Amino acid sequence: MAEISAQLVKQLRDMTDAGMMDCKKALVEVGGDLDKAVEYLREKGLSKAAKKADRVAAEGAISLKVSPDFKKVSMAEINSETDFVAKNDGFKELSAKTIALVQDSDVSSAEELHTLTFEGATFEEYLKSQIAKIGENIVVRRIAKIK
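Draft legend 1. Examining the packing of helix α1 (residues 6-16) against helix α2 (residues 20-29) more closely. Packing of α1 against α2 brings their axes to within 9 Å, and their N-to-C directions diverge by 115°. Of the possible angle classes, the one that applies to α1 and α2 is roughly perpendicular. Between α1 and α2 lies a crossing whose hand is right-handed. Residues L8, V9, L12, R13 and T16 of α1 lie in contact with α2, whose contacting residues are M20, C23, K24, A26 and L27. When its residues are assigned to classes, the contact of α1 with α2 shows 7 nonpolar, 1 polar and 2 charged.

Shown next as structure tokens:
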């Protein structure tokens, strides 16, 4: 097995936002192959998200987006386990991307939102990756639109 350099670990961390030790472990597991390590971390993240799915998410934020012509308003309630996460930059980014997707699509429920294609995957897969990254259960509770 090849020696895993700190530079390779940093490169994987920059690509995935996973922790340093998780990146090193992934690279060791796949023999230093960067692409396989990304896939390994993705699968590990999905399993982490599944473990968190039963936890109650009752805090969070409501995001609103109004169209420039004021003819369309979208709202999304996104819940996390703690109010601290709702103040996290990663959560804020997730909220912004979610409300933009809601505004630009014809979805009218959270269930429909989960099936949309977003950043090369379904929104549900994107959400699970964010749950793994942020470390808490996150739920898109409600969506509302006014035209």
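Draft legend 2. Summary view of the pattern of salt bridges. Taken as a whole, this structure holds 3 salt bridges when the rule is applied. When the shortest N-O distance is used, the salt bridge between R142 and E77 registers 2.6 Å. Here R142 is found in strand β5 (residues 138-146), whereas its partner E77 is found in strand β2 (residues 73-80), with 65 residues between them in sequence. Judged by relative accessible area, which is 47%, R142 ranks as partly exposed. Ionic pairing is found between K97 and E93, a salt bridge with its closest N-O pair at 3.2 Å. Here K97 and its partner E93 are both found in helix α5 (residues 89-104), 4 residues apart, which amounts to about one turn of the helix. Take E93: its relative accessible area is 42%, and that puts it in the partly exposed class.

Draft legend 3. Representation of the pairing of β2 in the model. Most of β2 is tucked away, with 6 of its 8 residues classed as buried. Bridge count between strand β1 (residues 59-66) and β2: 8 bridges; the pairing is antiparallel. From the neighbouring strand, V66 faces β2, where its bridge partner is V73. Here β1 hands over to β2 after 6 residues, with F70 in that stretch at a positive phi of 60°. Two elements, β2 and β5, share 8 bridges in a ladder whose sense is antiparallel. Bridging from a neighbouring strand, S74 pairs with K145 of β5.

Draft legend 4. Looking closely at the nonpolar core. Among the nonpolar cores identified, the biggest contains 21 residues, and F91, L113, F123, L127, I138 and V140 are the most heavily contacted of them. Those elements that provide at least two residues to this core are β2, α4 (83-86), α5, α6 (110-115), α7 (123-134) and β5.

Draft legend 5. Just the packing of α5 against α7, in detail. Where α5 meets α7, the axes come as close as 11 Å, and the angle between the chain directions of the two elements is 170°. With respect to α7, the axis of α5 lies roughly antiparallel. Every residue of α7 that contacts α5 at G90, F91, L94, K97, T98 and L101 is listed here: F123, Y126, L127, Q130 and I134. Classifying every residue of the contact of α5 with α7 by side-chain character gives 7 nonpolar, 3 polar and 1 charged.

Reading the values: the criteria
- Residues numbered from 1 in each chain as written.
- Predicted model: local features only at pLDDT ≥ 70, side-chain atom pairs only at ≥ 80, totals over all residues.
- Heavy atoms only, no water.
- Axes fitted to C-alpha atoms, helices over the stretch in contact; angles between N-to-C directions.
- Helix = DSSP H or I, 4+ residues; strand = E, 2+ residues; numbered from the N terminus.
- Parallel < 35°, antiparallel > 145°, perpendicular 65-115°, else oblique.
- Left-handed = near helix turned anticlockwise from the far one by under 90°.
- Contact = heavy atoms within 4.5 Å.
- Nonpolar A, V, L, I, M, F, W, Y, C, P; charged D, E, K, R; others polar.
- Salt bridge = Lys/Arg side-chain N within 4 Å of Asp/Glu carboxyl O.
- Buried < 20%, exposed > 50% of the residue type's maximum accessible area, 1.4 Å probe, protein only.
- Pairing = 2+ DSSP bridges.
- Core = buried A, V, L, I, M, F, W, Y, C linked by side-chain atoms within 4.5 Å.

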